[in-house]
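A structural walkthrough
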Amino acid sequence: ASLSSPPASRGSHGRWRDAADKSRSITDPWEHHCIEERVEERAKRHRFNALHRKWTVDDILVKMEAEPFAHGAMRNCFRMKKLSNFAHQQDWHVAANYVAKSYIKRQPKDTYFDDVELQMDAKLWGNEFNKMNPPKKVDILQTYIIEMVDRKDRPVFCVEHLIEGNYIKYNSNSGFVS
């Protein structure tokens, strides 16, 4: 296939090359926050498998801002970067962007774990719903807990991938619907 062919007609190798080229051209939306210059911190990542009802734990490295960049009615949101456990080099400039959330009012750690279990259950049910071929499919964000092992009291955060773009809230936990 020629380079001038439309992407759909180029075959899988060409589409992979197009995707790789596009990923190299994307800039980090948090670049000007210089998160990569923050102190590297060790954390335990706790992931919940809703199908098997089991938690798994592994060690990760993160960098997180000290002050929240946003908040909702119940939680503060912090910019965070996490190195891939599969990366061959530790380059924080290409580390993935995440949002780490903590409750504004102190909550027991179990509350965070309950939140992640509930969200992963919702993701499992959303996948089942999508198997019915609805006119619009749903997706629930993958979330997990990080436990900051070197901080006093080992605080925990709920973590999810950053979704770029403007955030519009359509409902709330207290019944608000726009």
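Before going into details, it helps to say that this report is about the structure given with it. (Residues numbered from 1 in each chain as written. Predicted model: local features only at pLDDT ≥ 70, side-chain atom pairs only at ≥ 80, totals over all residues. Heavy atoms only, no water.)

Here's the deal with the pairing of strand β4 (residues 75-82)
With seven of eight residues buried, β4 is to be regarded as a mostly interior element. Pairing between strand β2 (residues 54-64) and β4: three bridges, direction antiparallel. Directly across from M64, in β4, lies its bridge partner M80. The pairing of strand β3 (residues 70-71) with β4 spans two bridges and is antiparallel. Paired with H71 across the strands is N76, a residue of β4. In this structure, the hairpin formed by β3 and β4 is closed by a connection of three residues. Relative to strand β5 (residues 96-103), β4 runs antiparallel, the two sharing eight bridges. Looking at β5, one finds that M80 is bridged to Y98. (Buried < 20%, exposed > 50% of the residue type's maximum accessible area, 1.4 Å probe, protein only. Helix = DSSP H or I, 4+ residues; strand = E, 2+ residues; numbered from the N terminus. Pairing = 2+ DSSP bridges.)

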